[in-house]
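Analysis of the macromolecular model
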Amino acid sequence: MTAQRTARGDVAIPVPAAGSGVRMGPGAPKALRLLAGEPLLLHAVRNIAAAPSVGLIVVAAPPNGADTIASMLGNVDIPVRIVLGGATRQASVASALGAVPAEFDLILVHDAARALTPPALIEAVAAKLRAGSSAVIPALPVVDTIKRVGDAAEVVATVDRSTLRAVQTPQGFRRATLTAAHAGAAGDHTDDAGLAEQAGVRVDTVPGDDRAFKITRPFDLAVAEALLAFDGGTPASDAIVGDSRSIDPNVERGTTREG
Ligand code: CTP
Ligand code: MG
């Protein structure tokens, strides 16, 4: 792996990790909460560092969290920088982006909260960028039937889900694309592809991965614990994009559409 990293290592990963985790309930900032006995952020960074393309990780830390994070990540075997995050995810990404040296042309923004993301998904996004895309995001088909509701929570319409996708991170960009998108940002966006879209950039997709789900609520933490136990501690690096957990975004999941 070290040899491969020397050959590539051309990807920088800003990691927004500055959120407080309101939906997780009271407690420490989400990135510092424990998953199977270790901080969420440590799981996330280990999986990022296992992707051969990654040459630098820049963590956007929560208020007062930088020192804790610096000691937590001291043993990671690729360069890690830590910056202070902002009041919104977008501000945290901008802060981390500002600490990425100019030599990195490929930048993949990746949520700390997607702590179990297989390294192979990082490689898939990077590969699509190298193949010529300006912006690339992982996407999965939507499995639930989707309804639009009105002010009284009454159903107004059933939405055609065949053209809908749930998107994940890492979201990959050529440096110039991402910096221009952030510089020209109007309003707050929940993902970086939204900024690029607003700037008129074509955003391509690669098949997402169920394991790249965002750990948001206590239920998600329980699922993550179960997945780690299921793997018997096997690092996510052994997961393979293209297996049963990785679905082409253009293919409806499952055998029925009733979902
Ligand atoms: N994030 C960040 N800076 C913020 C807000 C969010 O860096 N001001 C990061 C989170 O740490 C997380 C990612 O953006 O890794 C996705 O955000 P989310 O899952 O919403 O995390 P939180 O904002 O912490 O959670 P909540 O919205 O429930 O408070
Ligand atoms: Mg949030």
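In what follows, the structure referred to is the one given above.
A brief look at the structure comes next. (Residues numbered from 1 in each chain as written. Chains lettered and ligands numbered in written order. Predicted model: local features only at pLDDT ≥ 70, side-chain atom pairs only at ≥ 80, totals over all residues. Heavy atoms only, no water.)

Description of the site of ligand 1
Close contacts around ligand 1 come from 18 residues, with Pro16, Val22, Arg23, Lys30 and Ser92 the closest. Ser20 places a polar main-chain atom, nitrogen or oxygen, 3.2 Å from an oxygen atom of ligand 1. At a separation of 3.0 Å, a nitrogen atom of ligand 1 approaches a polar backbone atom of Gly86. Within the complex, 87% of the 560 Å² of free accessible area of ligand 1 lies under protein. (Near = heavy atom within 4 Å. Polar contact = N/O pair within 3.5 Å; in protein donor to acceptor, adjacent residues only side chain to side chain. Areas by Shrake-Rupley, 256 points an atom, 1.4 Å probe, with all protein chains shown as cover.)

Considerations on the layout of surface pockets
Roughly 720 Å³ of internal volume is contained in the largest pocket. Taken together, 29 residues line the largest pocket, and the ones lying closest to its centre are Arg23, Lys30, Arg89, Asp111 and Lys214. Of the volumes computed, that of the second largest pocket is approximately 420 Å³. Lining the second largest pocket are 17 residues; nearest its centre among them are Leu140, Ala166, Gln168, Phe213 and Lys214. Elements with a minimum of two residues in the lining of the second largest pocket: strand S7 (135-141) and strand S10 (165-167). Of the residues assigned to the lining of the second largest pocket, the class counts are 7 nonpolar, 2 polar and 8 charged. (1 Å grid on protein atoms, 1.4 Å probe; cavity = no way out; pocket = protein on both sides within 12 Å on 5 of 7 lines; lining within 4 Å. Points joined across faces, edges and corners; volume = space filled by probe spheres on them. Helix = DSSP H or I, 4+ residues; strand = E, 2+ residues; numbered from the N terminus. Nonpolar A, V, L, I, M, F, W, Y, C, P; charged D, E, K, R; others polar.)

Digging into helix H8 (residues 218-230)
Compared with the 18 Å implied by 1.5 Å per residue over 13 residues, the 18 Å span of H8 between its first and last C-alpha is a close match. Those residues of H8 not exposed but buried are Asp220, Leu221, Ala224 and Leu228. All buried residues of H8 lie within an arc of 100° about the axis, which places them on one face of the element. Along H8, exposed side chains directed more than 90 degrees from the buried face belong to Phe219, Ala229 and Phe230. Here the buried face of H8 lies against strand S2 (34-35) and helix H2 (40-49). (Expected span 1.5 Å × (residues − 1). Buried < 20%, exposed > 50% of the residue type's maximum accessible area, 1.4 Å probe, protein only. Arc of directions from axis to C-beta. Contact = heavy atoms within 4.5 Å.)

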